Amino acid sequence: MSPPSLLISELLAGYRARRFTPLEIIEQLLSARALQPDRHEWIARLPEARVRDAARALAAHAPDSLPLYGVPFAIKDNIDLQGLPTTAGCPEYAYTPDVSAPVVERLMAAGAIPIGKTSLDQFATGLTGVRSPAGACRNSFDPQFISGGSSSGSAVAVATGQVSFALGSDTAGSIRVPAAFNNLIGLKPTCGSLSTRGVVPACRSLDCVAVLALTAGDAARVATVARAFDPDDAYSRAAPPSPAARDLTRDFRFGVPDPAQLEFFGDEGYRALFTAALAMLESLGGAAVRVDLEPFFAAGRLLYGGPWLAERYCAVGPFIDARPEAVLPVTRAVISPGRLIPATEAFTGQYRLRQLKRVTAEVWHGVDVLVTPTAGTIYPIAAVAADPFVLNANLALYTNFTNLLDLASVAVPAGFRGDGLPFGISLTAPAWSDEALLTLAARFQAVANPLLGAGVGALIPDVILGGA
């Protein structure tokens, strides 16, 4: 027995047709572990007996009775999974939760099977995937390159065929950047639409739980299950009764940065791929509209160059002060200065952000969706080790502003550089536009990746499933 792929739609079809069972899928995944190259993507995996028990328990349910019946998934290790330590990438910080985070509970109640906890940039601080005491998480296409972070292990686990989808978190681009670098869909949903209770915060007011998947359809299915108002999460919010209509199924207007504002850091391969992506969007009925991105960039600069750094210190700064030797020097260097930011600067930052929200809101009168590269380039691990701050900041250019401005965004695969490394674009629009963005992402993915219907083996490297 060999399933066609780990695409959720194909797994569910196979279960309904009785071609295989969840236990058979789990046995294949467990047996493939020894064959999978170690990219430092896992921090801890559930005991095999517990995973098998979860698969066996599904025999009491009809395959079509649960929306994620028998679907294996991974969880970034700043999100609680009952019985496994939550480390946030710092072993000395670890605690073992008595219950799983509500978002994890919802997925398991829908039939999804957790496999384990994945690596991350320590305390979710970074976009490279190398800031981990467990070692740099290596790119799924070329191990000499970064995987992107902070949800690095989650991305690699999906991209290498070990799970169907994974949870991560995204404050500054931590889902979208690893999605782009591993040829995945990365849904950064509307902040507050998925509960963040049971998540070690980075910036609590800006954090969101997010989804990595192989296709936009798979991401949409997972998000539909995971999305719920949580009255015990102070930052949770319910969707408005009538969200603003945003039809991206036919003709639409997409904002593109002024060419002078586009930055690829010398990467002409990525530049060419972005140009090709814009042409694909036009073939789908899109009309390009020039947009001034400077107000967006200005908002993004507030995240690490303004008072929100103090919010990062609120989350884990006291632990760092008490146990500095337990924290990577690069992580300390980013977070510790937050304790020196005065309250007056916090208010000044809020005033500036409110002004920028007013300015950027005008953009949405002229466009339906904003299109940018997800990242301007990708770096070798060695280059990031030599220059950890500047290169990390470069990766954040097109992603830092999103949560500050209360936007939703979907990272979408958009081709490969000449050396075989993936490139991705991001589709961004105001809060509660998640479904419309996923619809356009699915349309784009179908054009950009005509092999999509051929199964996972045609999409990702190093799939080890059955005889694949």
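Residues numbered from 1 in each chain as written. Predicted model: local features only at pLDDT ≥ 70, side-chain atom pairs only at ≥ 80, totals over all residues. Heavy atoms only, no water.

Draft legend 1. The overall build of the chain, seen in detail. When helices and strands are tallied, the chain shows 16 helices and eleven strands. Relative to its length of 468 residues, the chain is compact, with a C-alpha radius of gyration of 21 Å against a globular reference of 23 Å. Oriented by its inertia axes, the alpha-carbon framework of the chain measures out at about 60 × 55 × 45 Å. Across the 468 residues that make up the chain, the buried fraction comes to 60%. (Helix = DSSP H or I, 4+ residues; strand = E, 2+ residues; numbered from the N terminus. Rg over C-alpha atoms; globule rule 2.2 N^0.38 Å. Buried < 20%, exposed > 50% of the residue type's maximum accessible area, 1.4 Å probe, protein only.)

Draft legend 2. View of helix H14 (residues 388–395). Along H14, the residues classified as buried are Leu391, Asn392, Asn394 and Leu395. Taken end-on, H14 shows its buried residues confined to a sector of 155°, consistent with a single buried face. Contacts made by the buried residues of H14 are with helix H6 (176–181) and helix H13 (381–386). (Arc of directions from axis to C-beta. Contact = heavy atoms within 4.5 Å.)

Draft legend 3. Layout of the packing of helix H4 (residues 102–109) against helix H7 (residues 216–226). Contact pair H4 / H7: the axes reach a minimum separation of 8 Å and the direction vectors enclose 110°. In terms of orientation, H4 lies roughly perpendicular with respect to H7. Judged by the twist between their axes, the crossing of H4 over H7 is right-handed. Here Val103, Arg106 and Leu107 of H4 lie close against H7, whose contacting residues are Val222, Val225 and Ala226. Residues that form the contact of H4 with H7 fall into these classes: five nonpolar, no polar and one charged. (Axes fitted to C-alpha atoms, helices over the stretch in contact; angles between N-to-C directions. Parallel < 35°, antiparallel > 145°, perpendicular 65-115°, else oblique. Left-handed = near helix turned anticlockwise from the far one by under 90°. Nonpolar A, V, L, I, M, F, W, Y, C, P; charged D, E, K, R; others polar.)

Draft legend 4. Quick look at the state of the cysteines. Under the counting rule described, the total for this entry stands at zero disulfides. Not part of a disulfide, cysteine 90 finds its nearest cysteine sulfur in cysteine 137, a span of 18 Å. On the accessibility criterion, cysteine 90 (0% relative accessible area) is buried. Cysteine 314 carries a free sulfur, and the closest cysteine sulfur to it, the one in cysteine 203, is 9.2 Å from it. (Disulfide = S-S within 2.5 Å.)

Draft legend 5. Main features of the environment of leucine 309. Take leucine 309: it is sitting in helix H10 (residues 308–322). On a C-alpha basis, the gap between leucine 309 and isoleucine 335 in space is 6.7 Å, while along the polypeptide they are 26 residues apart. The residues contacting leucine 309, other than those within four sequence positions of it, are Leu303, Tyr304, Val334, Pro337, Gly338 and Ile341.

Draft legend 6. Just empty space enclosed by the protein, in detail. Across all of its chains, the model carries three cavities of 30 Å³ or more by this definition. Considering only enclosed or pocket space, the largest cavity measures out at about 130 Å³ in volume. Forming the boundary of the largest cavity are 14 residues, of which Leu29, Leu30, Arg33, Arg45 and Gln162 lie nearest the centre. Mapped by element, the contributors of at least two residues to the lining of the largest cavity are helix H2 (22–32) and strand S1 (42–45). (1 Å grid on protein atoms, 1.4 Å probe; cavity = no way out; pocket = protein on both sides within 12 Å on 5 of 7 lines; lining within 4 Å. Points joined across faces, edges and corners; volume = space filled by probe spheres on them.)

Draft legend 7. Representation of the packing of aromatic side chains. Counted by the stated rule, this structure contains 13 aromatic pairs. A ring pair is formed by phenylalanine 252 and phenylalanine 254, whose centres lie 6.1 Å apart and whose planes are at 45°; its orientation type is tilted. Here phenylalanine 252 falls in the buried class, since its relative accessible area comes to 3%. You can call phenylalanine 254 buried: its relative accessible area is 0%. Taken together, the ring pairs in this structure connect Tyr93, Tyr95, Phe123 and Phe319 into an aromatic cluster. (Phe/Tyr/Trp six-rings, centres within 6.5 Å; stacked < 30°, edge-to-face > 60°.)

Draft legend 8. Summary view of the sheet that holds strand S4 (residues 165–169). If you trace the eleven strands from one edge of the open sheet to the other, you get S1-S3-S2-S4-S6-S5-S10-S11-S9-S7-S8, paired in mixed fashion. Where the open sheet ends on each side, the last strands, each with one partner, are S1 and strand S8 (286–291). Pairwise comparison of adjacent strand axes, ignoring direction, gives a mean angle of 25° for this sheet. The sheet contact formed by strand S2 (residues 72–76) and S4 spans three bridges and is parallel. The residue bridging isoleucine 75 from the neighbouring strand is leucine 167, located in S4. (Pairing = 2+ DSSP bridges.)

Draft legend 9. Representation of the packing of H2 against helix H3 (residues 48–57) in the model. At a closest axis distance of 8 Å, the pairing of H2 and H3 adopts a crossing angle of 155°. Here H2 is positioned roughly antiparallel relative to H3, judged by the angle of their axes. In terms of crossing hand, the pair formed by H2 and H3 is right-handed. In this structure, H2 uses Pro22, Leu23, Ile26, Glu27 and Leu30 to contact H3, whose residues at the interface are Glu48, Val51, Arg52, Ala55 and Arg56. Of the residues assigned to the contact of H2 with H3, the class counts are six nonpolar, no polar and four charged.

Draft legend 10. Region of interest: the side chain of aspartate 233. Inspection of the secondary structure puts aspartate 233 in the loop between H7 and strand S7 (252–257). Buried aspartate 233, no salt bridge; nearest opposite-charge side chain is arginine 204, N-O distance 4.7 Å. Within the structure, aspartate 233 has its side chain in polar contact with the backbone nitrogen of threonine 196 (distance 2.9 Å). Once residues lying within four places of it in the same chain are set aside, the contact partners of aspartate 233 are Ser195, Thr196 and Arg197. (Lys, Arg positive; Asp, Glu negative; His and termini not counted. Salt bridge = Lys/Arg side-chain N within 4 Å of Asp/Glu carboxyl O. Polar contact = N/O pair within 3.5 Å; in protein donor to acceptor, adjacent residues only side chain to side chain.)

Draft legend 11. Structural detail: unusual backbone geometry. Along the chain, glycine 149 connects to serine 150 via a cis peptide bond; the corresponding omega equals 5°. Mapped onto the elements of the fold, serine 150 is located in the loop between strand S3 (113–118) and helix H5 (152–159).

Draft legend 12. Inspection of the pattern of salt bridges at higher detail. Applying the stated criterion across every chain yields a total of 18 salt bridges. Aspartate 258 is the partner of arginine 290 in a salt bridge, and the nearest nitrogen-oxygen pair spans 3.9 Å. Residue arginine 290 is found in strand S8, and its partner aspartate 258 is found in the loop between S7 and helix H8 (268–283); the two are separated by 32 residues along the sequence. One salt-bridge network, in which partners are shared between bridges, spans Glu27, Arg33, Glu48 and Arg52.

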